[in-house]
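What follows is the residue order along each chain.
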Amino acid sequence: METNDGIKVRVFDLAHGLVEYDDIKFIRIVSKEYNLLIMKDYMPIIGEIDGSISIKNEDVNLNYDPVKAYYVHHDNVFNLMIKDL
């Protein structure tokens, strides 16, 4: 049985297609209107971002700044659909 200690992240953009990351510890979303820190077992959420996103664990350190994108977080799976970098 596979265990997951964090969040599964799926990032999609036209330049790279779909890229997946496992066991992400947190995702920070910063925009003009709000700041979010999404961690494991965070409530379901959907939104649009015009700001920056950081995705981190011990091996992964992704930063999208500035970025325009849509995101969905549900059942410890975070989907990010990038519209414009």
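Conventions we followed
- Residues numbered from 1 in each chain as written.
- Predicted model: local features only at pLDDT ≥ 70, side-chain atom pairs only at ≥ 80, totals over all residues.
- Heavy atoms only, no water.
- Pairing = 2+ DSSP bridges.
- Helix = DSSP H or I, 4+ residues; strand = E, 2+ residues; numbered from the N terminus.
- Axes fitted to C-alpha atoms, helices over the stretch in contact; angles between N-to-C directions.
- Buried < 20%, exposed > 50% of the residue type's maximum accessible area, 1.4 Å probe, protein only.
- Core = buried A, V, L, I, M, F, W, Y, C linked by side-chain atoms within 4.5 Å.
- Contact = heavy atoms within 4.5 Å.
- Phe/Tyr/Trp six-rings, centres within 6.5 Å; stacked < 30°, edge-to-face > 60°.

Another aspect to go through is the sheet that holds strand β4 (residues 35–39). Strand pairing in a sheet takes place through backbone hydrogen bonds and is either antiparallel or parallel in direction. Ordered in space as β2-β1-β7-β6-β5-β3-β4, the seven strands form an open sheet in which the pairing is mixed. In this open sheet, the two strands that pair with only one neighbour each are β2 (17–24) and β4. Neighbour-to-neighbour, the strand axes of the sheet open up by a mean angle of 35°, direction not taken into account. Looking at chain direction, strand β5 (residues 45–56) and strand β6 (residues 61–74) are connected through eleven bridges and run antiparallel. Looking across to β6, one finds that I45 is bridged to H73.

Our focus in this paragraph is the pairing of strand β1 (residues 7–13). Within β1, five of the seven residues are buried, leaving the element largely enclosed by the surrounding structure. Pairing geometry for β1 and β2, over six bridges, is antiparallel. In the strand pairing of β2, D13 is matched with G17. The antiparallel pairing of β1 with β2 creates a hairpin that spans three residues between the two strands. Strand direction decides the pairing type here: β1 and strand β7 (residues 77–84), joined by five bridges, are parallel.

Moving on: the nonpolar core. General note: in soluble globular proteins, nonpolar side chains tend to be found buried as a group. Residues V9, I27, I29, I55, F78 and L80 are the most contacted members of the largest nonpolar core, which totals 22 residues. At the level of secondary structure, the elements contributing two or more residues to this core comprise β1, β2, β3 (26–31), β4, β5, β6 and β7. In terms of residue count, the dominant contributor to this core is β6 (five residues). Residues within four places of L80 in sequence aside, it is in contact with R10, V11, F12, I53, Y64, A69, Y70 and Y71.

Next up on the list: the pairing of β3. Every second residue of β3 is oriented toward a common face, the buried set being I27, I29 and S31 and the non-buried set F26, R28 and V30. The turn joining β3 and β4, which pair antiparallel and follow one another in sequence, is formed by three residues. Here β3 pairs with β5 via six bridges, running antiparallel. Considered in β5, the bridge of I29 is made with I53.

With that settled, consider the packing of aromatic side chains. Per the counting criterion, the structure on display carries one aromatic pair. Between Y71 and F78, the ring centres sit 6.0 Å apart and the planes meet at 20°, which makes this aromatic pair stacked.

This next bit is on unusual backbone geometry. The step from D65 to P66 runs through a cis peptide bond, and the omega angle for that step is -5°. Relative to the elements of secondary structure, P66 occurs in strand β6. One non-glycine residue, D41, lies in the positive phi region at around 65°. With respect to the helices, strands and loops of the structure, D41 is situated in the loop between β4 and β5. Within the chain, N76 stands out as a residue other than glycine whose phi angle is a positive 60°. The residue N76 is located in the loop between β6 and β7 in this model. Judged by relative accessible area, N76 falls into the buried class, the value being 16%.

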